[in-house]
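Summary of structural features
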Amino acid sequence: MKSNGLCLSATLILIGALAPVRALGQSQNSTDEIRELRTLVEELRAQMSEMQTEIDQLKGTKPNAPAQPATVPTISPTPQEGTIEAAPPPREGATSPQVGKAIAERQEFDEDTVAAARFDNLPLDPKYNGYFKLPGTQTILKIGGFFKTDFIYDLKPAGNTFLFIPSSFPIPQVPGVYDTNVSIRPTRLSLDFRIPSSVLGDVRLYAEGDIFGTNATTPRLRHAYAQVRNLLIGQTWTNFMDPDAIADSLDFRGPNGMVLLLNPQIRYGFALGSSTTFYLSVERPSSDVFFQTSQFAAQPNSPSPDGTIRLLREFERGHFQVAGLFRSIAAYLPDGRADSAFGWGVNTSLGVNTIGRDNFIVGVASGRGISRYIQDTSGLGIDAEPTSGAKPHLVATPGVGIEGDYQHYWLKTLRSNAIYSYAAVINTDLAAARTYNHATYTGANLIWNPYGSLNVGAEFLYGWTMLQNGQKANAPRIQFSAKYSFVKVDQNQK
């Protein structure tokens with residue numbers, strides 16, 4: 001404040017000095033006025049010198065000190081509003097004992113393990129690589145996903161030209177028909193929000209989509225869920241499946257006997273030990289039932305939600321999981337009566353490291369009324385079928401699904417997979433002659449990571465399917481894929 005007063009005084013003195021100067025222009029011949037002006041200027045200089053001394057003292061500098069060169073101000077580390085903060089990873093967390101090294105380091109072409117909900121919301125990468133802080137908040141975000149292009153060539157008609165689904169093979173097949181396709185539909189975008197809370201811990205909001213909608217350019221929502229501690233609400237992988245036992249395949253669909261379904265649900269998990277967790281869920285039901293006569297078509301309904309439980313055990317070189325499914329399947333019978341059947345299933349899976357970085361995964365699912373949860377049979381309307389006899393009734397159809405994948409590393413950036421899968425149902429006497437009965441899926445590939453986020457691969461697939469009446473078909477496919485991930489994390493830096 002005192003400095004401001006001195007500056008004001010100096011300004012008034014300078015203004016007062018201007019009046020004599022202007023008067024001097026009007027009487028240049030007055031010697032007395034010139035002398036008075038000189039005297040006034042000398043007094044003004046003396047006063048300015050005293051004022052400068054006082055200003056220097058207030059600033060803590062020495063009087064008459066040479067002027068210091070102006071310095072460039074340093075940029076404040078605090079981000080400006082409306083900008084993205086370029087900063088190192090927000091924090092580094094501990095590795096969860098419920099997510100072992102074998103799971104965290106296993107590579108899978110379609111990166112489906114990234115979307116899986118984890119115990120206590122801990123990510124696979126405890127260093128939080130790829131996350132950044134949203135301006136003005138404590139929320140961190142990772143924008144994930146990839147751009148993928150598939151080049152597909154079918155040596156026989158394979159039904160679905162984008163996905164390899166044995167149950168879609170046309171029967172009978174027209175000989176001499178070849179098909180070529182180029183697809184970018186697997187391209188994917190994900191948003192992974194993590195909001196720290198002193199009361200709730202990290203809250204995770206995850207959303208993911210691709211363009212496998214109703215046509216080649218329609219977006220489709222895959223995952224959309226919120227997880228607070230170990231309570232999950234939203235749509236993600238069913239609790240009946242093992243998200244860490246997905247084959248490393250270029251084919252977007254994957255093995256036909258694998259349990260895989262995106263389902264809205266409410267799930268809760270808790271630890272039974274340092275490396276053992278237990279999860280239970282209530283999920284959206286859907287009775288996948290379809291049969292008809294000349295006068296009648298089934299009208300399925302879902303009287304209660306599907307229930308699942310899952311036990312996961314981690315050990316040094318892998319993991320083991322067993323899950324159970326319980327559901328009610330309902331529909332109207334051909335005679336007009338409503339009926340329901342109890343469905344149940346068990347899904348066991350194992351993942352283990354073998355030699356070096358090589359690993360092996362296997363899964364077996366079996367039960368009644370589980371067709372909706374198995375890749376090849378989902379959507380075929382064979383969760384349950386009517387029986388013959390004097391009083392027909394609805395029975396849950398027995399079914400089984402098997403998958404296996406051996407992953408071998410030739411080099412750090414070069415790997416191969418050998419894949420086998422099988423799916424089957426046991427139909428009733430009233431099942432239509434062209435009802436699906438069983439099918440196999442085999443594949444072998446070579447995947448190379450030549451640089452950074454780019455992965456390319458080649459794959460050969462062969463499928464075989466048979467109907468209830470004994471008719472069958474087979475189809476070989478050659479596929480080349482290129483994928484560029486939006487976030488590249490060096491496996492050696494995890």
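Further up the page is the structure itself.
Position numbers for residues count from 1 along each chain, tracking the sequence in the order it is written. Given that this is a predicted model, residues contribute local features only at a pLDDT of at least 70 and side-chain atom pairs are listed and counted only at 80 or more, while totals for whole chains, interfaces and linings are drawn from all residues. Computation of side-chain values: all heavy atoms of the structure, hydrogens and water removed.

1. A word on the pairing of strand β2 (residues 140-154)
This is how it is decided: Only protein chains enter the area calculation, which uses a 1.4 Å probe; residues under 20% of their type maximum are buried, those over 50% are exposed, and those in between are partly exposed. In DSSP terms, a helix is any run of H or I states spanning at least four residues, a strand is any run of E spanning at least two, and both are numbered starting from the N terminus. Criterion used throughout: strands pair if DSSP finds at least two bridges between them.
Of all 15 residues in β2, eleven are buried, a share of seventy percent or more. As judged from the two bridges shared by strand β1 (residues 132-133) and β2, these two strands associate in the antiparallel manner. Along β2, the bridge assignment pairs K133 with I140. A loop of six residues connects β1 with β2, the two strands running antiparallel in sequence, and G136 in this loop sits at a positive phi of about 75 degrees. Bridge analysis of β2 against strand β4 (residues 188-195) gives seven bridges, and the strand direction is antiparallel. By the bridge assignment, G145 is partnered in β4 with L189. Note that β2 and strand β3 (residues 179-183) share five bridges and pair antiparallel. Among the inter-strand pairings, Y153 is bridged to a residue of β3, identified as T180.

2. Observations regarding the pattern of salt bridges
The cut-off we apply is this: Any Lys or Arg side-chain nitrogen located within 4 Å of an Asp or Glu carboxyl oxygen qualifies as a salt bridge.
A full pass over the atoms with the stated rule returns 18 salt bridges. A salt bridge links D192 to R194; the nearest nitrogen and oxygen atoms lie 3.6 Å apart. Judged on exposure class, the residue D192 and its partner R194 are both buried. The partner of D210 in a salt bridge is R220, and the shortest N-O contact between them spans 2.8 Å. Highlighted residues: D210 in strand β5 (residues 203-210) and R220 in strand β6 (residues 220-228), separated in sequence by ten residues. A relative accessible area of 30% places R220 in the partly exposed class. In this structure, a network of salt bridges that share partners links the residues D112, R188, E208, D210, R220 and R222.

3. A closer look at unusual backbone geometry
Geometrically, the link from I171 to P172 is a cis peptide bond, its omega value of 0 degrees lying close to zero. Along the chain, P172 turns up in the loop between β2 and β3. Even without being a glycine, E111 presents a positive backbone phi close to 55 degrees. Summarising the element assignment, E111 is placed in the loop between α3 (101-105) and β1. Its identity as a non-glycine residue notwithstanding, D120 has a phi of 60 degrees, on the positive side.

4. A look at the environment of V203
What counts is decided by this rule: Residues are treated as being in contact if the distance between any of their heavy atoms lies within 4.5 Å.
Inspection of the secondary structure puts V203 in strand β5. Each C-alpha atom, one on V203 and one on N230, is 9.6 Å from the other, the two residues being 27 residues apart in sequence. With residues up to four places along the chain from it excluded, the contact list for V203 reads N121, F193, R194, I195, Q227 and V228.

5. Overview of the side chain of Q479
Put simply, the test is: Two N or O atoms count as a polar contact when they lie within 3.5 Å, although within protein this holds only if one can serve as hydrogen donor and the other as acceptor, and sequence-adjacent residues are included solely when both atoms are side-chain atoms.
Considering the arrangement of structural elements, one finds Q479 in strand β20 (residues 472-485). One polar contact links Q479 to D150, side chain to side chain, over a distance of 3.5 Å. Contact partners of Q479, with chain neighbours within four places excluded, come to D150, F151, I152, L250, D251, G457, A458 and E459.

6. Quick look at the packing of aromatic side chains
Put simply, the rule is: Only Phe, Tyr and Trp rings are paired, with Trp represented by its six-membered ring, and only when their centres lie within 6.5 Å; those with planes under 30 degrees apart are stacked, over 60 edge-to-face, the remainder tilted. Counting as a charge over the ring demands two things of the Lys NZ or Arg CZ atom: a distance within 6 Å of the ring centre and an angle within 35 degrees of the ring normal.
The tally for this structure, following the rule as stated, stands at eight aromatic pairs. Look at Y153 and Y178: their rings are 6.3 Å apart centre to centre, the planes differ by 0 degrees, and that puts the pair in the stacked class. A residue pair is termed long-range when its members are at least 10 positions apart, and Y153 in strand β2 and Y178 in the loop between β2 and β3 qualify at 25 residues. Among the residues examined, Y178 registers a relative accessible area of 54% and is labelled exposed. On the basis of an interplanar angle of 35 degrees and a centroid distance of 6.2 Å, the ring pair of Y268 and F270 is categorised as tilted. Y268 gets classed as partly exposed once you look at its relative accessible area, which sits at 41%. Through pairs of rings, three or more aromatic residues link up here, namely F164, F169 and Y441. The ring of Y409 is capped by R357, whose NZ or CZ atom sits 4.3 Å from the centre of that ring.

7. A closer look at the nonpolar core
Note the threshold: Among buried residues, those of type Ala, Val, Leu, Ile, Met, Phe, Trp, Tyr and Cys that are joined through side-chain atoms within 4.5 Å constitute a nonpolar core.
One finds W237, F240, M241, V259, L260, Y373 and Y436 to be the most contacted residues of the largest nonpolar core, which totals 26 residues. At the level of secondary structure, the elements contributing two or more residues to this core comprise β7 (231-237), β11 (318-332), β17 (414-425) and β18 (436-451). Sequence-distant contacts of Y436, that is, excluding residues within four places in its chain, are made with S167, N256, D376, T377, L380, I382, A423, V425, N427, T465, M466 and L467. Grouped together as the second largest cluster of nonpolar side chains are eleven residues, I171, I419, L461 and A475 included.

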